[in-house]
Amino acid sequence: MTDAAELRQRTAGLLAAHPPATTDRLDFLKARFDAGLAWVHYPEGLGGLGAPRSLQAVVDAELEAAGAPDNDPRRIGIGLGMAAPTILQYGTEEQKRRFLRPLWTGEEVWCQLFSEPGAGSDLAALGTRAVREGEDWVVDGQKVWTSSAHVARWAILIARTDPDVPKHRGITYFVCDMTDPGVEVRPLRQITGEAEFNEVFLTGVRIPDAHRLGEVGDGWRVAQTTLNNERVAIGGMRLPREGGMIGPAARTWRERPELRTHDLHQRLLKLWVEAEVSRLTAERLRQQLVAGQPGPEGAGMKLAFARLNQEISGLEVELLGEEGLLYDDWTMRRPEHVDFTGREAGYRYLRSKGNSIEGGTTEVLLNIVAERVLGLPTEPRTDKDVAWKDLAR
């Protein structure tokens, strides 16, 4: 059994063999992965040691103290938080060894081809088709709200492979090469002026069957692993006290006493407490992950994340008065990573509007919490046993 002392010894060995000050960043990250110190709870040979997940903090603290480079997790968050755990659970040994190392080191960026303009919040109603031709699948369709598609090499993709069965049972999960012919990425400009999201058009894209994750027709079950991890990645991220959206608002309050009013003070105190409760709850959720895979509780954390971001950013704009209406730059940009708290108050206010859509809409997540966490009766369904091709659209 790997313990904290052994991990510290292994980390010291890594640092001695590859001093951060004189080792190329990518070379150091590759060496860290090969030493099993990337994510210690993963199996040996796949960046881990089969150790308890909770011991990752021991490694991270030692490396941070030594000034070692990280893998820029904001840039590769989709790969780390969504693609990797899905590949680990459903991928073949060949797939795990091909994809996990360059995913973790950041050599290959990932995106997520799930949402579609014709399906809305009902992901299982997706219409992108994948038709088997020999050892390949030919994919045609359109995806939307795809973060990082403009910089991604790979995508996790779900497509309909059987229209003759109910919608949840006719979906298959694939890994799609974003550089293949037939993949077209178009920027989707947001209210912030940026285009971190994209539309992706798939026209005759050939995906080898060797890039299928899970069984044919079992894509919905595979996708649940992705979605549960996504909600934890968004709503359960590790933050220090006053991390996230509450930090800039509290800093403005302390530095600008002339802006204060009694009403704003009371509202800020309430949101500060709620942000701290959410932060501690997220920490507890991460500790629960030590015992297994994330469950529907992550939906509750993602709900809290979206609501708090929107309320806090709105309060900050109100606190700043006329200054809060200013906006620094509407230039069309295509950032490489999402920054929920970056730039000034106006940006934070506008960007937070997307928090209740991305990673599962608030309405869908409320249903998940009601049915899978609280055990309330499910909503009546008229499409449960109807073939997808016969559904009204």
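**Q** I would appreciate a short explanation of the layout of surface pockets in the present structure.
**A** Over the atoms rolls a probe the size of a water molecule, and its path tells where empty space is left. The calculated volume of the second largest pocket comes to roughly 200 Å³. Along the wall of the second largest pocket there are ten residues; nearest its centre are Thr281, Arg284, Glu297, Gly300 and Met301. For the lining of the second largest pocket, the secondary structure elements donating two or more residues are α8 (262-288), α9 (297-320) and α11 (362-373). By residue class, the composition of the lining of the second largest pocket is five nonpolar, three polar and two charged.

**Q** Hey, could you run me through the nonpolar core in this one?
**A** Most often, soluble globular proteins keep nonpolar side chains buried together rather than apart. Counting residues in hydrophobic clusters, the biggest one holds 51 residues, and the most contacted among them are Trp39, Trp110 and Met178. Setting aside its immediate chain neighbours within four residues, Trp39 contacts Phe33, Leu46, Gly47, Gly48, Gln56, Leu80, Ala84, Leu100, Leu103 and Trp104. Grouped together as the second largest cluster of nonpolar side chains are 16 residues, Trp253, Leu268, Leu315 and Ala345 included.

**Q** Hey, could you run me through unusual backbone geometry in this one?
**A** Among all residues save glycine, negative phi is the norm, and among peptide bonds the norm is trans. If you check the backbone angles, Asp72 has positive phi at about 55 degrees while not being a glycine. Residue Asp72 is classed as partly exposed on the basis of its relative accessible area, which comes to 30%. Even without a glycine there, the phi angle at Ser148 is positive, about 65 degrees. Within the fold, Ser148 resides in the loop between β3 (136-143) and β4 (154-160).

**Q** What should I look at first to understand the environment of Pro257 in this one?
**A** Counting through the fold element by element, Pro257 comes out in the loop between α7 (246-255) and α8. In this structure Pro257 comes out as partly exposed when scored by relative accessible area, which is 47%. Residues Pro257 and Val373, spaced 116 residues apart in sequence, show a C-alpha to C-alpha distance of 43 Å.

**Q** I tried to follow the packing of aromatic side chains on my own but got confused; where do I start?
**A** Two numbers describe a pair of aromatic rings. These are the distance of the centres and the angle of the planes. The tally for this structure, following the rule as stated, stands at nine aromatic pairs. When the centroid spacing of 5.8 Å and the interplanar angle of 85 degrees are considered together, the rings of Trp145 and Phe197 count as edge-to-face. Of this pair, Trp145 sits in the loop between β3 and β4 while Phe197 sits in strand β7 (residues 197-208); the two residues are 52 residues apart in sequence, bridging distant segments of the chain.

**Q** What should I look at first to understand the packing of α9 against α11 in this one?
**A** Describing two packed helices takes the angle between their axes plus the distance from one axis to the other. Contact pair α9 / α11: the axes reach a minimum separation of 9 Å and the direction vectors enclose 140 degrees. Crossing hand, α9 versus α11: left-handed. In this structure, α9 uses Glu297, Ala299, Gly300, Lys302 and Leu303 to contact α11, whose residues at the interface are Thr362, Leu365, Leu366, Ile368, Val369 and Val373. Class assignment of the residues belonging to the contact of α9 with α11 gives a composition of seven nonpolar, two polar and two charged.

**Q** What is the right way to read the environment of Ala4 from this model?
**A** Tracing the chain through its elements places Ala4 in helix α1 (residues 4-17). Sequence separation between Ala4 and Ala249 is 245 residues; the distance between their C-alpha atoms is 38 Å.

**Q** Even after reading the chapter, I still don't get the pattern of salt bridges, so can you show me in this structure?
**A** Pairing between side chains of opposite charge can happen when the charged atoms of each approach one another. Tallied over the full model, the rule gives 37 salt bridges. In this structure, the salt-bridge partner of Asp34 is Arg101, at a minimum N-O distance of 2.9 Å. Of the two residues, Asp34 sits in helix α2 (residues 25-34) while Arg101 sits in helix α5 (residues 93-105), which places them 67 residues apart along the sequence. Arg101 gets classed as partly exposed once you look at its relative accessible area, which sits at 27%. Among the ionic pairs, Asp209 bridges to Arg212, the shortest N-O distance being 2.8 Å. Just as Asp209 is buried, Arg212 falls in that class too.

Scoring rules and cut-offs
- Per chain, the residues get numbers from 1 upward, laid out in the order the sequence is written.
- Two thresholds apply to this predicted model, a pLDDT of at least 70 for residue-level local features and 80 or more for giving and counting side-chain atom pairs, whereas whole-chain, interface and lining totals are computed over all residues.
- Based on all heavy atoms of the structure, the side-chain values leave hydrogens and waters out of the count.
- Using protein atoms alone on a 1 Å grid, points that fit a 1.4 Å probe yet trap it form a cavity, whereas open point sets bounded by protein on both sides within 12 Å along at least five of seven lines form a pocket; residues with an atom within 4 Å of a point count as lining.
- Grid points are joined across faces, edges and corners, and a volume is the space filled by probe spheres set on the points.
- Numbering of helices and strands runs from the N terminus, with a helix taken as a DSSP run of H or I at least four residues long and a strand as a DSSP run of E at least two residues long.
- Think of it as three bins: nonpolar holds Ala, Val, Leu, Ile, Met, Phe, Trp, Tyr, Cys and Pro, charged holds Asp, Glu, Lys and Arg, and polar takes everything else, Gly as well.
- For our purposes a nonpolar core is just a set of buried Ala, Val, Leu, Ile, Met, Phe, Trp, Tyr and Cys residues, chained together by side-chain atoms within 4.5 Å.
- For each residue, the accessible area found with a 1.4 Å probe, counting protein chains only, is set against the maximum for its type, and the residue is called buried under 20%, exposed over 50%, and partly exposed in between.
- When checking whether two residues touch, look at their non-hydrogen atoms; a contact exists if any pair is within 4.5 Å.
- Aromatic contacts are taken between Phe, Tyr and Trp rings whose centres are within 6.5 Å, Trp giving its six-membered ring; a plane angle under 30 degrees counts as stacked, one over 60 as edge-to-face, and the others as tilted.
- The angle between two axes is taken between their N-to-C directions and runs from 0 to 180 degrees, where each axis is a line fitted to C-alpha atoms and a helix contributes only its stretch in contact.
- Less than a right angle of anticlockwise turn of the near helix away from the far helix marks a crossing as left-handed, whereas a clockwise turn marks it as right-handed.
- A carboxyl oxygen of Asp or Glu within 4 Å of a side-chain nitrogen of Lys or Arg is what we treat as a salt bridge.

Functional significance is not addressed by these values, which are geometric in nature.
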